[in-house]
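# Architecture at a glance
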Amino acid sequence: MKILVTGGMGYIGSHTVVELQHAGHEVVVVDNLSNADARVRERVQRITGKAFVFEEADIRDRAAMERIFGAHKVDAVIHFAGLKAVGESVAQPLRYYDNNVNGSVILFETMAKSGVKTIVFSSSATVYGDPASVPIREDFPLSATNPYGRSKLMIEDILRDLAKAEPDWRIALLRYFNPVGAHESGLIGEEPNGIPNNLVPYIAQVANGQRDKLSVFGGDYPTPDGTGLRDYIHVVDLAIGHVKTLDRLAREPGIVTYNLGTGRGNSVLEMVRAFEQACGRPIPYQIVERRPGDVAQCYADPAKAREELGWTAERDVAQMCADVWRYQTTAK
Ligand code: NAD
Ligand code: WQD
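This text gives an overview of the structure that appears in the document. Worth saying up front: this structure is predicted, and the values here are computed from it rather than measured.

### Brief notes about the site of ligand 2
With respect to spatial proximity, 18 residues lie near ligand 2, and among them Ser124, Tyr148, Ser215, Arg230 and Asp294 are the closest. A distance of 3.1 Å separates an oxygen atom of ligand 2 from a polar side-chain atom of asparagine 198. Separating an oxygen atom of ligand 2 from a side-chain N or O atom of aspartate 294 is a distance of 2.6 Å. Considering ligand 2 on its own, with 680 Å² of exposed area, one finds that the protein chains cover 87% of that surface. The greatest single-element share of the shell around ligand 2, amounting to 4 residues, is contributed by strand 8 (residues 214-217). A per-class count over the shell around ligand 2 returns 8 nonpolar, 7 polar and 3 charged.

### Describing unusual backbone geometry
Of note, the amide linkage connecting valine 134 to proline 135 takes the cis form, showing an omega dihedral of -5 degrees. Of note, proline 135 is situated in the loop between strand 5 (118-124) and helix 6 (147-165). Despite not being glycine, leucine 33 shows a phi value in the positive range, around 60 degrees. By the element assignment, leucine 33 lies in the loop between strand 2 (26-31) and helix 2 (40-48).

### Focus: the pattern of salt bridges
Applying the stated criterion to the full structure yields 22 salt bridges. We note a salt bridge from arginine 46 to glutamate 42, for which the minimum N-O separation is 3.4 Å. Pair noted here: arginine 46 and glutamate 42 are both in helix 2, with a separation of 4 residues, about one helical turn. One salt-bridge network, held together by shared partners, links Glu156, Asp157, Arg160 and Arg175.

Procedures and definitions
Residues numbered from 1 in each chain as written. Chains lettered and ligands numbered in written order. Predicted model: local features only at pLDDT ≥ 70, side-chain atom pairs only at ≥ 80, totals over all residues. Heavy atoms only, no water. Near = heavy atom within 4 Å. Polar contact = N/O pair within 3.5 Å; in protein donor to acceptor, adjacent residues only side chain to side chain. Areas by Shrake-Rupley, 256 points an atom, 1.4 Å probe, with all protein chains shown as cover. Helix = DSSP H or I, 4+ residues; strand = E, 2+ residues; numbered from the N terminus. Nonpolar A, V, L, I, M, F, W, Y, C, P; charged D, E, K, R; others polar. Salt bridge = Lys/Arg side-chain N within 4 Å of Asp/Glu carboxyl O.

Next up, the structure:
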């Protein structure tokens, strides 16, 4: 199939382009490069030995999107384009709603106009808010605690309404848990902007000497070692989940929702130890106050994706950390 990937130059998108090409799909990437490096294109092509079309455009640019859908006869869309920093979304809610929600509506309208009715959307475990229990199933109640999360929930709601109104659409909502890791080639990975908000990118910068020490946000959670538990999923496993989801959508129309996680929770201190093993250096840390808005534990019940997509996450935290370290230390 020919797949249009919005945000395909970004972290998860670039790994998904690799897996789409491995699976024999043709790829058209649309990205405005607001959070990506144009050199990613050549690196992906070095990994797969295959070229893809790159259209530098903003998904909110209706004329550009109509031209792109007209120029490339695509069968389906995977929609990664969006802004994703929780703290930034609290400070700049309008920017987040415009980019994420308005951008998505323009994308869906352009798709409808071009007769493309298959879409995989990047949602997030953040739509479960503070879950009443773990592991989290897809039918748990949804809520949002910040504008970023609310933008994801709004886009999910828009797609649920669309599926009701037009049952011939094929829609997948994929709720990612905590994506980490990099491609095993060391050529593509995550490039955080400024001070990393997320745990593993921060640890990686402590390991390479860019930062002095990690602040561990809270040591008094009701978890085995007192630090927060999360479901860290290797970005390559996540990318493969998208290819499997396209196969699922090809089988029948309608809307489907899947958790993409491992089903395991790892604590902050376990991630510190795993990274120390991977890089062979100590990671200095200090336990500080809890971060406002954090939950004690968040991990998936991935049974539905296993049963309906035939997908399970295979890579463990040791490999995630080894791949992040390789990405940081590989000359590109
Ligand atoms: P990323 O920032 O690396 O990738 C997003 C890409 O979209 C970037 O290349 C950026 O340049 C592009 N983009 C942003 N706005 C655009 C616009 N208006 N038009 C065109 N391109 C635009 O982020 P990522 O980590 O790869 O995340 C991809 C998607 O997955 C996002 O929607 C994010 O919300 C979602 N998600 C990410 C995580 C995570 O922890 N990384 C977790 C759950 C969900
Ligand atoms: C993980 C754990 C922190 C940094 C966020 C978004 C979520 C999703 C994924 C997009 C927590 C602790 C962190 C640090 C720390 N993104 N931590 N020191 O908060 O689970 O999820 O990214 O959809 O929406 O909220 O991920 O990596 O920030 O934190 O101790 O410097 O690490 O308290 O327990 P989180 P994270």
